[in-house]
Amino acid sequence: MANLEEIVSRKTENDSQWKARQQADRENLMALQDAAVMEITSSPEAYSHYLDLQGDNPAYSAGNIALAMVQDGDVTVFGTKEKWKMLGRFVPVSENGNGIHIFARSTFGKGYTLADAYDVRQTQGRPMKEVKLENDTREMESAMATLLNYAACQVVIDKELHTPAVYDPQRMEVAINPDYPDGEMFAAVATAVAHSRLHGKGYNTQYEYAECDLDAQSVSYLLCRRFGVKRELPDLAEMPALYEGWDTQERRQALDQIQKMSKQIGASVEKSITPQRSRVPMQHSGR
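Keep in mind that this is a model prediction, so the values were computed, not measured. (Residues numbered from 1 in each chain as written. Predicted model: local features only at pLDDT ≥ 70, side-chain atom pairs only at ≥ 80, totals over all residues. Heavy atoms only, no water.)

So, the overall build of the chain
Part 1: A tally of regular secondary structure across the chain gives 9 helices and 8 strands.
Part 2: Within the chain, buried positions represent 40% of all 287 residues.
Part 3: At a minimum sequence separation of 6, the contacts of the chain that also span at least 24 residues come to 63%.
Part 4: When the accessible surface of the chain is split by element, carbon and sulfur atoms take 50% of a total near 17,700 Å². (Helix = DSSP H or I, 4+ residues; strand = E, 2+ residues; numbered from the N terminus. Buried < 20%, exposed > 50% of the residue type's maximum accessible area, 1.4 Å probe, protein only. Contact = heavy atoms within 4.5 Å. Areas by Shrake-Rupley, 256 points an atom, 1.4 Å probe, with all protein chains shown as cover.)

Overview of the packing of aromatic side chains
Part 1: Under the definition given, this model contains 4 aromatic pairs.
Part 2: Note on Tyr-60 and Phe-78: the rings are 4.7 Å apart at their centroids and 15 degrees apart in plane angle, and the pair reads as stacked. A residue pair is termed long-range when its members are at least 10 positions apart, and Tyr-60 in the loop between helix 2 (44-56) and helix 3 (62-71) and Phe-78 in strand 1 (residues 78-79) qualify at 18 residues. By the burial criterion, Tyr-60 is buried, and Phe-78 matches it.
Part 3: Here Tyr-243 and Trp-246 contribute two aromatic rings whose centre-to-centre distance is 5.1 Å and whose plane-to-plane angle is 70 degrees, an arrangement assigned as edge-to-face. (Phe/Tyr/Trp six-rings, centres within 6.5 Å; stacked < 30°, edge-to-face > 60°.)

Some remarks on the sheet that holds strand 7 (residues 165-168)
Part 1: The 3 strands lie next to each other as 6-8-7, forming an open sheet whose pairing is mixed. Of all strands in the sheet, those bounded by a partner on one side alone are strand 6 (154-157) and strand 7. Averaged over all neighbouring strand pairs, the angle between strand axes comes to 25 degrees, with direction disregarded.
Part 2: One ladder, built from 4 bridges, connects strand 7 with strand 8 (residues 173-176); its direction is antiparallel. The partner of Val-166 across the bridge, within strand 8, is Ala-175.
Part 3: Lying over the sheet, helix 6 (residues 182-199) contacts strand 7 and strand 8, oriented at roughly 15 degrees with respect to strand 7. (Pairing = 2+ DSSP bridges. Axes fitted to C-alpha atoms, helices over the stretch in contact; angles between N-to-C directions.)

Shown next, in the form of structure tokens:
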């Protein structure tokens, strides 16, 4: 007869040890994440690296981007095995266990769990799809219209402007000079739209244009990076001073705000320029 008491006791002990290891791994990863977030918001070089990586991985949180940076200096585009499978790629057996560790949403829908993720160089399969906006195209026009729909204020035309677009916090409006090339316009409008959303129709009483400009410029850079629109990095000279005195949680929340805004706008832009498949009725053969 099986000794069920011993089997149950052994299982309970193994479960406890597994939970303890998981908790220790989680705490170590969170400490690593905190250190990486502090580095990103203290070093202009690290911040610029963060922007590039976040722009290439728009779906991942700022915390996971920070983890990827600190664990793999050569990481570009990364994802879990499940993500790569959806993209028609796979992780070969030789790379199993050689990835980085990130936090992924639990399959049970509550909280986050530890997950392995792999850089694109560690995968094989279908070529990666690139989405790129070009000047004077229907896609650029659709993207611009979608972008402007996110302005949390009135949008006006001003051909006297010496810049493609700007947000005026006093008038709470985005002014546009349409005589600039599409690429420059997209980058400038993205910045202005981000400012308008950060200001929140004036309800954000903490809003100051100068202090929020890095965040708005960062949102613009992430969107341009995602859609292959050329623009320079934001001016990062004052970046360390902007975050001086902030704790780790506050810094992470600021990065998360940038990521979430660019992710939301970017998803809508991508949807607007992606051809929609029409449903074709199934043909039923007659009897």
